[in-house]
Amino acid sequence: MKTKQIWANLAVQDLERTTQFYTALGFKCNNNMNSTELTSFSFGENNFIINFFLKDVIEKNTKVSFSDLKNENEIIFSLSADSKEELDQWVEAVKNAGGEVFAEPYAIGKGYTFGFSDPDGHKFNILYWPGM
C-alpha cells in the first residue's frame, strides 16, 4: 500500500479563535477546506496540513474521544527555525497571538528550543539546530 499524503486532524472549541491564532503566526490558511465545522492550515515548506475540527464534530465522526489538553497531551508538533534570533521572534509572536509558552527558550545539545500551546492546548515546539 502507498499513501499520497499525511495530515493531522485536531479538536478545537472555537474555529474563529483558532483561525485568528494561526493566521497571526503567519501560517497559510486552506480556504477551500474551511467550513462551519473546520479550519485548515498548511505548515512548512512541504505544506503539512493540520485540520482543526470542532471537538463535537470530530468526536462524532471518528467515534473516539479526544484528550483534555489542560491535563493531558496528544502530540507535540516540532517546527524548525533558521536561527536563534528567529526562534526568539517566534516566542514573541506566539505570546502576541494569544498562545501560551509552557517552556521558555533553552539550550538543548547544540540547539535551542521552546515550547508553546495554542488556545486549545495543542502543543508545539520550535527548534533551531545548526546545520538543519
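Residues numbered from 1 in each chain as written. Predicted model: local features only at pLDDT ≥ 70, side-chain atom pairs only at ≥ 80, totals over all residues. Heavy atoms only, no water.

What to know about the packing of aromatic side chains
Counting across every chain of the model gives 14 aromatic pairs. Aromatic side chains Y22 and F41 sit 5.7 Å apart centroid to centroid with 45 degrees between the ring planes, which places their arrangement in the tilted category. Here F41 lies in strand β3 (residues 38–43) and Y22 lies in helix α1 (residues 15–24), a separation of 19 residues in the sequence. Residue class for Y22 comes out buried when judged on its relative accessible area of 1%. The ring of Y112 is capped by K84, whose NZ or CZ atom sits 4.6 Å from the centre of that ring. (Phe/Tyr/Trp six-rings, centres within 6.5 Å; stacked < 30°, edge-to-face > 60°. Helix = DSSP H or I, 4+ residues; strand = E, 2+ residues; numbered from the N terminus. Buried < 20%, exposed > 50% of the residue type's maximum accessible area, 1.4 Å probe, protein only. Lys NZ or Arg CZ within 6 Å of the ring centre and 35° of its normal.)

Overview of the sheet that holds strand β8 (residues 123–128)
Ordered by their spatial adjacency, 4 strands build an open sheet running β5-β8-β7-β6, and the pairing between neighbours is mixed. In this open sheet, the two strands that pair with only one neighbour each are β5 (76–80) and β6 (100–108). Taken over all neighbouring pairs, the strand axes of this sheet differ in orientation by 20 degrees on average, direction set aside. Note that strand β7 (residues 111–117) and β8 share 6 bridges and pair antiparallel. (Pairing = 2+ DSSP bridges. Axes fitted to C-alpha atoms, helices over the stretch in contact; angles between N-to-C directions.)

Considerations on the sheet that holds β3
Sheet strands pair via backbone hydrogen bonds, and the direction of the pair is either parallel or antiparallel. The mixed open sheet is built from 4 strands, whose spatial order is β1-β4-β3-β2. Each having just a single partner strand, β1 (7–12) and β2 (28–29) make up the two edges of the open sheet. Taken together, the 2 bridges between β2 and β3 define a ladder with antiparallel strand orientation. Of the residues in β3, the one forming a bridge with C29 is F41. Contacts from α1 reach β1, β3 and β4 (48–54), with the element oriented near 15 degrees to β3. Along the sheet, helix α2 (residues 55–62) makes contact with β1 and β4, crossing β4 at roughly 100 degrees. (Contact = heavy atoms within 4.5 Å.)

Quick word on helix α3 (residues 84–97)
Between the first and last C-alpha of α3 there are 20 Å, a value that for 14 residues agrees with the 20 Å anticipated at 1.5 Å per step. All of the buried residues in α3 are L87, W90, V91 and V94. Projected onto a plane normal to the axis of α3, the buried residues spread over an arc of 105 degrees and lie on a single side. Set apart from the buried face of α3 by more than 90 degrees, the exposed residues are E85, Q89 and N96. At its buried positions, α3 is contacted by α1, β6, β7 and β8. After α3 finishes, the residue G98 shows a positive phi value of roughly 100 degrees. (Expected span 1.5 Å × (residues − 1). Arc of directions from axis to C-beta.)

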